[in-house]
Amino acid sequence: MLFGSTSGLGGFLRCPAVPASVRHLFTGSSIMAKSKFEYVRNFEIDDTCLHNCYIVVRLDGRNFHKFAEMHKFIKPNDDRALGLMSRSARSVMEELDDIIIAYGQSDEFSFVFKRTTTWFKRRASKFMTHVASQFSSSYVFYWKEFFGEQPLLYPPGFDGRVVLYPSDRNLKDYLSWRQADCHINNLYNTTFWTLVQKGGLSTAQAEGRLKGTLAADKNEILFSEFDINYNNESAVYKKGTTLIWEKREETVIKHMKLPNEEEKDVIVARSRRRVEAYHCDIIGEQFWQEHADVLEEDDC
């Protein structure tokens, strides 16, 4: 059977005739019409995200306690692992540039799509699967950049969820919640592993020692017993990593041919958007005032 379309080689695409035994599977006058099995699409759930809402995709490492143990992550914080998480998140933002801000700590990262995005027809499942697959593949791809010759023993996994936030205030509160969680967990882990590594306690004893303690108690243990001022700990441990788009001026040298046939190297200045990392407080208003262009207006 001959169709009226041409191939990339300039000829006609010749396809075999459809056997009579299967012709009844197609409806309409053309064999290109939909098959009778098309109805199964009606079982798909409509997961279109509400309009005028920020779309947040949060990823969490699946069973990362075991993963960290198997790959001998340094406790309480491994700069290699944190750097790899941030590099993977940067890859996601560079691939899906409707993401306006991302925040991560430990084995989690949250990605915020702008409220007016129309990507993937705003289908939640598409947002989640694209982010999760890009992040996971990037984690494997960039592993050697951070861990050198240490082998990746098995593929990491990340689960995801999609949450919608209708206002700037709601979104800021969500990000504040994640950063507060970062501080609480890091203070606990820093104190816990200091008791184990420097205090000689077993993990069970350290857990018992910290049971019921407040932040002030943990700070006191670190300072009075180990001469550690928690305030001096690295900001990336205490505050996590915030990624945003920023314009950066840069100069490049271009080899140009002038009208008089003369060739010359010319310095050209240009502005480019790049993903920049911050390890700072995002609970207060200072960050948002200094980066007012990150969020859209509430009346958009």
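These numbers were taken from a predicted model, which means no experiment stands behind them.

Draft legend 1. Region of the structure containing the state of the cysteines. One pass over the structure, following the stated rule, counts 0 disulfides. Looking at the unpaired C49, the closest cysteine sulfur is the one in C53, lying at 8.5 Å. C49 gets classed as buried once you look at its relative accessible area, which sits at 5%.

Draft legend 2. Broad picture of the pattern of salt bridges. In this structure the tally under the stated criterion is 15 salt bridges. Ionic pairing is found between R123 and D47, a salt bridge with its closest N-O pair at 3.1 Å. Of this pair, R123 sits in the loop between β5 (108-113) and α3 (124-141) while D47 sits in the loop between β2 (12-14) and β3 (54-61); the two residues are 76 residues apart in sequence, bridging distant segments of the chain. You can call R123 partly exposed: its relative accessible area is 28%. For the salt bridge of R80 with D78, the shortest nitrogen-to-oxygen distance reads 2.7 Å. One continuous salt-bridge network, built from bridges that share partners, spans R58, D60, D159 and R161.

Draft legend 3. Region of the structure containing the packing of helix α2 (residues 79-95) against α3. Between α2 and α3, the least distance of the axes is 8 Å, while the angle of their chain directions is 135 degrees. It follows that α2 is oblique to α3 by the angle criterion. In this structure, α2 crosses over α3, and the sense of that crossing is right-handed. Across the interface between the two elements, L84, M85, S88, A89, S91, V92 and E95 from α2 touch V131, Q134, F135, S138 and Y139 from α3. A class-by-class count of the residues in the contact of α2 with α3 yields 7 nonpolar, 4 polar and 1 charged.

Draft legend 4. Structural view of helix α7 (residues 215-226). With 12 residues, α7 extends 16 Å from end C-alpha to end C-alpha; this agrees with the ideal 16 Å at 1.5 Å per step. Every buried residue belonging to α7 is among K218, I221, L222 and F226, and all of these are buried. Looking straight down α7, one finds its buried side chains confined to an arc of 90 degrees; they lie on one side. Tucked into the core, α7 has its buried residues touching α5 (168-197) and α6 (203-210). D227 sits one or two residues past α7 and shows a positive phi near 55 degrees.

Draft legend 5. Examining the environment of I244 more closely. Note that I244 resides in strand β7 (residues 241-257). Along the primary structure I244 and H291 are separated by 47 residues, whereas in three dimensions their C-alpha atoms are 9.0 Å apart. The contact partners of I244, leaving out residues within four places of it in the chain, are M93, I100, I101, R274, V275, E276, Y278, F287, H291 and V294.

Draft legend 6. Summary view of the nonpolar core. F111, F135 and Y139 are the most contacted members of the largest nonpolar core, which totals 33 residues. Mapped by element, the contributors of at least two residues to this core are β3, α1 (64-70), α2, β4 (99-105), β5, α3, α4 (143-147) and β7. In contact with F111, not counting residues within four places along its chain, are I55, V56, V57, L59, A89, V92, M93, I99, I101, A102, V131 and F135. In terms of nonpolar packing, the next biggest core, distinct from the first, is built from 17 residues, Y54, I101, Y165 and I244 among them.

Draft legend 7. Quick peek at the packing of aromatic side chains. Per the stated rule, a full pass over the model turns up 26 aromatic pairs. Between F73 and F147, the ring centres sit 5.6 Å apart and the planes meet at 20 degrees, which makes this aromatic pair stacked. Taken together, the residues span a long stretch of sequence, with F73 in the loop between α1 and α2 and F147 in helix α4 at a distance of 74 residues. Ring centres of F109 and F111 lie 5.7 Å apart, and the angle between their planes is 25 degrees; this geometry places the pair in the stacked category. With respect to burial, F109 and F111 carry one shared label: buried. Following the ring pairs from residue to residue traces out a cluster consisting of F64, F67, F73, F109, F111, F135, Y139, W143, F147, Y154 and F158. For K66, the ring lying beneath its charged end belongs to Y154, and the centroid distance is 5.6 Å. R178 extends its terminal NZ or CZ atom over the ring of W177, reaching a point 4.3 Å from the ring centre.

Draft legend 8. A look at unusual backbone geometry. A cis amide bond, omega 5 degrees, links K75 with the succeeding residue P76. Topologically, P76 is positioned in the loop between α1 and α2. One non-glycine residue, K121, lies in the positive phi region at around 55 degrees. Structurally, K121 is set in the loop between β5 and α3. Residues other than glycine seldom take positive phi values, yet D227 does so here, at roughly 55 degrees. Mapped onto the elements of the fold, D227 is located in the loop between α7 and α8 (235-239). Judged by its relative accessible area of 64%, D227 falls in the exposed class.

Conventions and cut-offs
Throughout this document, residue positions are counted from 1 along each chain, in the order its sequence is written. Residues qualify for local features only when their pLDDT is at least 70, as the model is predicted, and side-chain atom pairs are given and counted only at 80 or more; totals for whole chains, interfaces and linings, by contrast, use all residues. Only hydrogens and water are set aside; all other atoms, that is, all heavy atoms of the structure, feed into the side-chain values. Criterion for a disulfide: a pair of cysteine sulfur atoms at a distance within 2.5 Å. With a 1.4 Å probe rolled over the protein chains alone, any residue whose accessible area is under 20% of its type maximum counts as buried; one over 50% counts as exposed, and the rest are partly exposed. When a carboxyl oxygen of Asp or Glu lies within 4 Å of a side-chain nitrogen of Lys or Arg, that pair is called a salt bridge. Runs of E in the DSSP output that reach at least two residues are strands. Runs of H or I that reach at least four are helices, and both are numbered from the N terminus. The convention used is that axes are lines fitted to C-alpha atoms, helices contributing only their stretch in contact, and that angles between N-to-C directions extend from 0 to 180 degrees. Here the word oblique covers every angle except those under 35 degrees (roughly parallel), over 145 (roughly antiparallel) and from 65 to 115 (roughly perpendicular). Should the near helix be turned counterclockwise from the far one by less than a right angle, the crossing is left-handed, whereas a clockwise turn marks it as right-handed. Working rule for contacts: check all heavy atoms of both residues, and any pair within 4.5 Å makes them a contact. In this count, Pro and Cys sit with the nonpolar residues alongside Ala, Val, Leu, Ile, Met, Phe, Trp and Tyr, while Asp, Glu, Lys and Arg are called charged and the others, Gly among them, polar. To estimate the expected span of a helix, count its residues, drop one, and scale the result by 1.5 Å. Throughout, the arc means the angular range of directions from the helix axis out to the C-beta atoms. By nonpolar core is meant a set of buried Ala, Val, Leu, Ile, Met, Phe, Trp, Tyr and Cys residues that side-chain atoms within 4.5 Å join together. Two rings from Phe, Tyr or Trp (for Trp, the six-membered ring) form a pair when their centres sit within 6.5 Å of each other. Planes less than 30 degrees apart are called stacked, planes more than 60 degrees apart edge-to-face, and all others tilted. To sit over a ring, a charge needs its Lys NZ or Arg CZ within 6 Å of the ring centre and within 35 degrees of the ring normal.

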